[in-house]
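Here's the letter readout for the chains.
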Amino acid sequence: MKKVFILGAGTWGLALAKILDSINNKVIVYSVIEKEIDELNKTRKNKNLDVIFSNTITFTKSLEELDSSDVVIFAIPSIYVRNIAGLVSNHLNNNQLIIDVAKGIEEDTLMTLSEVIEEETNIKDIVAMSGPTHAEEVAINLPTTIVAACKNINKANEVVELFRNTIIRVYVNEDIKGVELCGAFKNIIALATGISEGYGYGDNIKAALITRGIAEIRRLGLFLNCHEQTFSGLSGIGDLIVTATSKHSRNNCCGYYIGKGYSIDESIKMVGMVVEGLNALPAAIKMANKYNIDMPIIKAVYDIVNGKDVGITINELLNRPNKSEIE
Ligand SMILES: NC(=O)c1ccc[n+]([C@@H]2O[C@H](COP(=O)([O-])OP(=O)(O)OC[C@H]3O[C@@H](n4cnc5c(N)ncnc54)[C@H](O)[C@@H]3O)[C@@H](O)[C@H]2O)c1
């Protein structure tokens, strides 16, 4: 039995809490939002998950139990990761297994979130977990696969053991950079598939956006010395397929509203939860410019989000000079 401390009481943190509690770990879920903890203690429910949380899960506003925890999971939106890592840094030590499940790239520094946590806490070998894992399905025990990525493969294997005998099957990967790039930027491609659907286009173009979308993320990743197979793996094309097609995907939904003509603010409001693709856009554009990588779909989404006409942008995307599929 492990003591697991989850930072963040949103849908993903809570789904993981439920799974880890089901195999008798001691699970504590923390949030900086006090009323969220009050609500969870009162109702033991989250409005987006079809589940009642067992009394064995502790919901807390305190970091007291963090120092003695074996496992710490960052399950908060990417833009808050640095702040929370700074807040908890004095409570962490190198014997703990530290996992990041948030998906994003920091806009100012272009660092991955594991690098951000490492910088703030001075803890080595943070593990990034990423893959096709909608919380809504995990919370009701539908089977799921995920990748635990870390340069130190022993740490990734600790995650395999942590989730043994659950509905989450864990693969390991040493290419943490590739896994984190995919996790952050597939959300932008899911915005693109949503926009295209909202605008009235069909499944053919959706398949094209998914295929050419992973091609541009891979192009960036290969330039940064990531492993090619990561992009055809679970955290690459696997996560992109589910994010770009599932009814549970906020990025896809948000894109759909944008494609229908709603403003960005209206679209975010209708989704009602974090839309990480929008957070990841500035970092993606900065990386494409900095390393001179052609990322036309991501650039098109950036232009639309910044007010360019959807029809004109899609037309321009489709009418770029033709090229070979093999690079
Ligand atoms: N939901 C999923 O299915 C899923 C699956 C895999 C990965 N993720 C990733 O996990 C991360 C969290 O997603 P989520 O779906 O749980 O989000 P969410 O919007 O459901 O919840 C986010 C939680 O973060 C915390 N939070 C909110 N504001 C905060 C602040 N200012 N400072 C610190 N903490 C704050 C709160 O506890 C809040 O409930 C995202 O990066 C997402 O991409 C989500």
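This write-up is about the structure you can find in this document.

Cut-offs used in this document
- Residues numbered from 1 in each chain as written.
- Predicted model: local features only at pLDDT ≥ 70, side-chain atom pairs only at ≥ 80, totals over all residues.
- Heavy atoms only, no water.
- Helix = DSSP H or I, 4+ residues; strand = E, 2+ residues; numbered from the N terminus.
- Rg over C-alpha atoms; globule rule 2.2 N^0.38 Å.
- Contact = heavy atoms within 4.5 Å.
- Patch = residues over 30% accessible without salt bridge, like charges linked within 9 Å, V, L, I, M, F, W, Y side chains within 5 Å.
- Areas by Shrake-Rupley, 256 points an atom, 1.4 Å probe, with all protein chains shown as cover.
- Salt bridge = Lys/Arg side-chain N within 4 Å of Asp/Glu carboxyl O.
- Near = heavy atom within 4 Å.
- Polar contact = N/O pair within 3.5 Å; in protein donor to acceptor, adjacent residues only side chain to side chain.
- Buried < 20%, exposed > 50% of the residue type's maximum accessible area, 1.4 Å probe, protein only.
- 1 Å grid on protein atoms, 1.4 Å probe; cavity = no way out; pocket = protein on both sides within 12 Å on 5 of 7 lines; lining within 4 Å.
- Points joined across faces, edges and corners; volume = space filled by probe spheres on them.
- Nonpolar A, V, L, I, M, F, W, Y, C, P; charged D, E, K, R; others polar.
- Axes fitted to C-alpha atoms, helices over the stretch in contact; angles between N-to-C directions.
- Parallel < 35°, antiparallel > 145°, perpendicular 65-115°, else oblique.
- Pairing = 2+ DSSP bridges.
- Right-handed = clockwise from strand over helix to strand, strands pointing away.

## Remarks on the overall build of the protein
Stage number 1. Helix and strand counts for the protein stand at 15 helices and eight strands.
Stage number 2. Over its C-alpha atoms the protein spans a radius of gyration of 19 Å, differing by no more than 12% from the 20 Å that the globule rule assigns to 327 residues.
Stage number 3. For the protein, the C-alpha atoms occupy an extent of roughly 60 × 40 × 35 Å along the three principal directions.
Stage number 4. A separation of at least 24 residues holds for 71% of the contacts in the protein among residues at least 6 apart in sequence.

## Focus on a nonpolar patch on the surface
Stage number 1. On the surface, Val32, Ile33 and Leu87 cluster together to form a nonpolar patch covering roughly 260 Å² of accessible area.
Stage number 2. Considering the arrangement of structural elements, one finds Val32 in the loop between strand E2 (26–30) and helix H2 (34–43).

## A word on the site of the ligand
Stage number 1. Every one of the 23 residues lining the ligand counts as a neighbour, but Thr11, Glu36, Ala135, Arg250 and Glu276 are closest to it.
Stage number 2. Between the ligand and the protein, one listed contact pairs an oxygen atom with a backbone N or O atom of Ala9 at 2.8 Å.

## Topic: unusual backbone geometry
Stage number 1. At Arg44, a position not held by glycine, the phi torsion is positive, near 55°.
Stage number 2. One non-glycine residue with positive phi stands out, namely Asn122, at about 60°.
Stage number 3. Position of Asn122 relative to the elements: it lies in the loop between helix H4 (113–121) and strand E6 (127–130).

## Focus on the pattern of salt bridges
Stage number 1. Considering all chains together, one arrives at 17 salt bridges under this definition.
Stage number 2. With a closest N to O distance of 3.9 Å, Glu327 and Arg212 form a salt bridge. With a gap of 115 residues between them, Glu327 in the segment after helix H15 (310–318) and Arg212 in helix H8 (residues 203–223) connect regions that are remote in the sequence.
Stage number 3. Of the residues examined, Glu327 reaches a relative accessible area of 62% and is grouped as exposed.

## Quick notes on empty space enclosed by the protein
Stage number 1. Enumeration according to the criterion identifies one cavity of 30 Å³ or more in this entry.
Stage number 2. By volume, the largest cavity is sized at about 60 Å³.
Stage number 3. In terms of lining, the largest cavity is formed by Asp100, Ala102, Lys103, Gly104, Ala128, Met129, Ser130, Val179, Glu180, Gly183 and Ala184.
Stage number 4. Of all the elements in the fold, those that place two or more residues in the lining of the largest cavity are E6 and helix H7 (176–199).
Stage number 5. For the lining of the largest cavity, the element with the highest residue contribution is H7, accounting for four residues.
Stage number 6. By residue class, the composition of the lining of the largest cavity is five nonpolar, three polar and three charged.

## Here's the deal with the packing of H8 against helix H14 (residues 296–305)
Stage number 1. Between H8 and H14, the shortest axis-to-axis distance is 8 Å and the interhelical angle comes to 105°. In terms of their interaxial angle, H8 and H14 are classed as roughly perpendicular. Between H8 and H14, the contacting residues are Leu209, Arg212, Gly213, Glu216 and Arg219 on the first element and Pro296, Ile297 and Ile298 on the second.

## Digging into the layout of surface pockets
Stage number 1. Of the voids in this model, the second largest pocket is the one considered here, and its volume is about 510 Å³.
Stage number 2. In terms of lining residues, the second largest pocket is bounded by 24 residues, among which Arg212, Ile297, Leu317, Leu318 and Arg320 are the most central.
Stage number 3. Elements with a minimum of two residues in the lining of the second largest pocket: H7, H8, H14 and H15.
Stage number 4. The element contributing the most residues to the lining of the second largest pocket is H8, with six residues.
Stage number 5. Along the lines of polarity and charge, the residues of the lining of the second largest pocket split into 14 nonpolar, four polar and six charged.

## Some points on the pairing of strand E8 (residues 168–173)
Stage number 1. With six bridges joining them, strand E7 (residues 144–149) and E8 adopt parallel strand pairing. Bridge pairing in E8 places Thr144 opposite Ile168.
Stage number 2. Chirality of the crossover, the property in question, places the unit of E7, helix H6 (residues 153–162) and E8 among those that are right-handed.

## Considerations on the environment of Asn173
Stage number 1. For Asn173, the position within the fold is in strand E8.
Stage number 2. Its relative accessible area of 19% is what places Asn173 among the buried residues.
Stage number 3. For the pair formed by Asn173 and Lys290, sequence separation is 117 residues and the distance between their alpha carbons is 27 Å.
Stage number 4. With residues near it in sequence (within four places) discarded, Asn173 still touches Val147, Ala148, Ala149, Cys150, Ile153, Val179 and Thr230.
Stage number 5. A distance of 2.7 Å separates the side chain of Asn173 from the backbone nitrogen of Asp175, its partner in a polar contact.

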